[in-house]
Amino acid sequence: MNYYSTKNKNLKSTFRNAVIQGLPEDNGLFMPEKIPVLPSGYFSDIQEKTIQQVAFDVLQAFVGDEISSDKLQEIIDKTYSFPFPLVNINDNIFTLELFHGASYAFKDVGATFLALCLDEFYKDSNEKCTILVATSGDTGGAVAAAFSKTKNVEVVILYPSGKVSELQEKQLTTFEKNVTALEIEGDFDDCQALVKEAFLDSELRKQKKISSANSINVARLLPQAVYYFAPFIHFGAERDISISVPSGNYGNLTAGLIAQKMGLPVKQFIAASNSNDVVPRFLASDKFEPRPTIATISNAMDVGKPSNFQRLTDLWDTEELKEKIKAYSYSDTATLKCMQKVYQKKHYLLDPHGAVGYLALQDYLSDKNDIGVVLETAHPCKFMDVVKNITNENIIPASAEPLLKKEKKSIKMKVDYKEFKAFLLS
Ligand SMILES: *Cc1c(COP(=O)(O)O)cnc(C)c1O
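No experiment lies behind these values; they were computed from the predicted model shown. (Residues numbered from 1 in each chain as written. Predicted model: local features only at pLDDT ≥ 70, side-chain atom pairs only at ≥ 80, totals over all residues. Heavy atoms only, no water.)

In spatial order, the strands read β4-β5-β13-β10-β11-β12; together these six strands make up an open sheet with mixed pairing. One side of each edge strand has no neighbouring strand; the edge strands of this open sheet are β4 (86-90) and β12 (325-329). Each adjacent strand pair in this sheet contributes to an overall mean axis angle of 25°, direction not counted. Across five bridges, the pairing between strand β10 (residues 241-246) and strand β11 (residues 268-273) is parallel. From the neighbouring strand, Pro246 faces β11, where its bridge partner is Ala272. Across the sheet, helix α12 (residues 278-285) lies against β11 and β12, angled at about 125° from β12, the strand it touches most. Sitting on the sheet, helix α16 (residues 352-365) is in contact with β4, β5 (93-97), β10, β11, β12 and β13 (371-376), with an inclination near 165° to β13. (Pairing = 2+ DSSP bridges. Helix = DSSP H or I, 4+ residues; strand = E, 2+ residues; numbered from the N terminus. Axes fitted to C-alpha atoms, helices over the stretch in contact; angles between N-to-C directions. Contact = heavy atoms within 4.5 Å.)

Here's what the structure looks like:
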């Protein structure tokens, strides 16, 4: 399969190159040349399929023959190695829990697939590739866990000292070998600025192969299309199923819309955002007006200029997007109230991102009988600062206990590009 740039359809790339390069030179985003449609009978026996089988059928269409079938199956088995349970909360409302992976967030799926694809592509190269990531907490954990499984790629993670939760810090700092955590004495913007400077440093890049595990990489985007099939594996393809997606950069929702374009009969997509509501405002007014980011309690969705918007407008025009996406936004107050109410009435603890999704689903379903599914994008234990307002119960999963006991290994560093560069070249 070939990929083009959203800024120039004539700029063609292989899957391999799109994954290695991450972004096209013209600063657009890579897109698959076509979205393959699954055979019409595919859904009649969907309930007999496993998520790994679906993953193979979906992803092979995008990878083509650039990774052998056996290798792709192996990568898929490692990527979808944890369950995606559908849990009933309330009458016809379900959550699809995407947080049973290594870092307790849905980003484990995309990060693992990307890491294993890169590992495969660098297998025969005598150059080692180093991935640089700046994280405010959530992405870094998924990337660290994913790349701890690779042989030919190493990763350097920059995180702001004292500004990530205890669990998040352990997820960044307890890997051996090829995952290094730099604890930067600054904030997230400082971390990001250091990484940016490294990518712009041609002298460094002559001496060291560096790359990014950015969320706009196609190998992070496409594997997210797969778990949208899970509710249909459960209920069959005959039921009206609508899906609410807590959204920030809109990668997750874009992947869902791609699954639908492949034939998955999702009745309606619902985009749920916090106060960073540029997409809901666009769908109401036809104007895309990015704004500075507003800090909220669902901070993984604090995005003022969602990058995947370019992909949505590449595939559909404004009128089509208005039909395909019903969008809602909620304040922190409403989000907290929702977490409280669902916990008290149903004894289900939503995380702040899932709660935004739950609110949107509830509003959308107010006059409908569809089965409603909200994607639970992270385990609530990642957001203890918020959760402690709801319950004092110990909600840390047993599987995280060994991690919390592990010793933190980080390298402390000032916000100093010279020092960072010397470290990379050492
Ligand atoms: C990243 C993230 C989101 C937003 O996903 P996008 O693909 O950027 O829209 C939502 N919830 C959690 C917990 C996240 O980590």
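There's more to say after this.
A separate point is the packing of helix α7 (residues 188-200) against helix α19 (residues 417-425). Close contact between α7 and α19 brings their axes to 10 Å; oriented N to C, the two are set at 60°. By the criterion of interaxial angle, the relationship of α7 to α19 is oblique. Note on packing geometry: the crossing formed by α7 with α19 is right-handed. Each of Leu194, Val195, Glu197 and Ala198 in α7 lies in contact with α19, whose residues at this interface are Tyr417, Phe420 and Leu424. A breakdown of the residues in the contact of α7 with α19 according to their chemical character gives six nonpolar, no polar and one charged. (Parallel < 35°, antiparallel > 145°, perpendicular 65-115°, else oblique. Left-handed = near helix turned anticlockwise from the far one by under 90°. Nonpolar A, V, L, I, M, F, W, Y, C, P; charged D, E, K, R; others polar.)

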